Amino acid sequence: MYLDERTLPMYLQKDIKALVEGEKNNSSLLDCLWCEVYGSINSAQYDREISVEVANYLREKYLDLEV
């Protein structure tokens, strides 16, 4: 699936960026950053800002969840 992540809601882009940076820097807050992305994906999906397919793609890509 190709997804132009620049089209995601800004709050979701921000949370994903923070998680990716946290992983690069071995942040002690990774669990919090992970939860923020999880919540933002769910919020965007339930507010119909992203589709179920996009939400599942992001869960697999960034959260290592099998859906």
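The text that follows walks through the structure, step by step, so that each part is easy to find.

Calculation rules
Residues numbered from 1 in each chain as written. Predicted model: local features only at pLDDT ≥ 70, side-chain atom pairs only at ≥ 80, totals over all residues. Heavy atoms only, no water. Helix = DSSP H or I, 4+ residues; strand = E, 2+ residues; numbered from the N terminus. Rg over C-alpha atoms; globule rule 2.2 N^0.38 Å. Contact = heavy atoms within 4.5 Å. Areas by Shrake-Rupley, 256 points an atom, 1.4 Å probe, with all protein chains shown as cover. Lys, Arg positive; Asp, Glu negative; His and termini not counted. Charge placed at Lys NZ, Arg CZ, Asp CG, Glu CD. Core = buried A, V, L, I, M, F, W, Y, C linked by side-chain atoms within 4.5 Å. Buried < 20%, exposed > 50% of the residue type's maximum accessible area, 1.4 Å probe, protein only.

1. Overview of the overall build of the chain
Move 1: Helix and strand counts for the chain come out as 3 helices and 0 strands.
Move 2: When its helices and strands are written in sequence order, the chain yields α-α-α.
Move 3: Since a compact globule built from 67 residues should have a radius of gyration of about 11 Å, the 11 Å found for the chain is in line with a globular shape.
Move 4: Residue pairs in contact within the chain that sit at least 24 positions apart in sequence constitute 54% of those at least 6 positions apart.
Move 5: Just so you have it, the chain exposes about 4,700 Å², and 51% of that area is on carbon and sulfur atoms.
Move 6: Distance from the positive charge centre (7 side chains) to the negative charge centre (13 side chains) of the chain: 6 Å.

2. Let's talk about the nonpolar core
Move 1: Grouped together as the largest cluster of nonpolar side chains are 15 residues, with contacts concentrated most on L8, L12, I16, I41, I50 and L58.
Move 2: Looking at this core, the elements that each hand over two or more residues are α1 (10–24), α2 (30–46) and α3 (52–63).
Move 3: With 5 residues, α3 is the largest single contributor of residues to this core.
Move 4: Ignoring anything within four residues of it in the chain, the contact list for I50 reads L8, P9, L12, I41, A44, Q45, A55 and L58.

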